[in-house]
Amino acid sequence: MTQFHAGNCPSCHNGRLFLFRESDTGDVYGHCEECEQGYRSPGDIESNSGFLTLLNDSDAEWATEDEISRTVWANYQLFET
Ligand SMILES: [Zn+2]
């Protein structure tokens, strides 16, 4: 399955922001593979206002291209792995 990421994390500048879909809400967010910061929108990345995903214990799955196309991420530059 294709996995999408939204480039590098603005917090640690090291990890990539992989897109996940939160099972409870259907929200798609970028999740840093290195520092566990989450970003709910491209604007949150630009303003570096993430949340700590470890505090949020709801289930999440890889976001699909179809799901992403219906969210705020649809027009953002994404990369496939
Ligand atoms: Zn990070």
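Structure: above.
All of the points below concern the structure found in this document. (Residues numbered from 1 in each chain as written. Predicted model: local features only at pLDDT ≥ 70, side-chain atom pairs only at ≥ 80, totals over all residues. Heavy atoms only, no water.)

1. Concerning the pairing of strand β2 (residues 16-22)
Then step 1. Extensive coverage of β2 is indicated by the burial of 6 of its 7 residues.
Then step 2. Sheet analysis places strand β1 (residues 4-8) next to β2, joined by 2 bridges and oriented antiparallel. Its bridge partner lying in β2, His5 is registered against Phe18.
Then step 3. Of the strand pairs in this sheet, β2 and strand β3 (residues 28-32) are connected by 5 bridges, and their pairing is antiparallel. Bridge assignment links Leu19 to a residue of β3, and that residue is Gly30.
Then step 4. Between the antiparallel neighbours β2 and β3 lie 5 residues, among them Gly26 with a positive phi of about 80°.
Then step 5. Sheet topology note: the β2/strand β6 (residues 60-62) ladder contains 3 bridges and is antiparallel. If you follow Glu22 over to β6, its bridge partner there is Ala60. (Buried < 20%, exposed > 50% of the residue type's maximum accessible area, 1.4 Å probe, protein only. Helix = DSSP H or I, 4+ residues; strand = E, 2+ residues; numbered from the N terminus. Pairing = 2+ DSSP bridges.)

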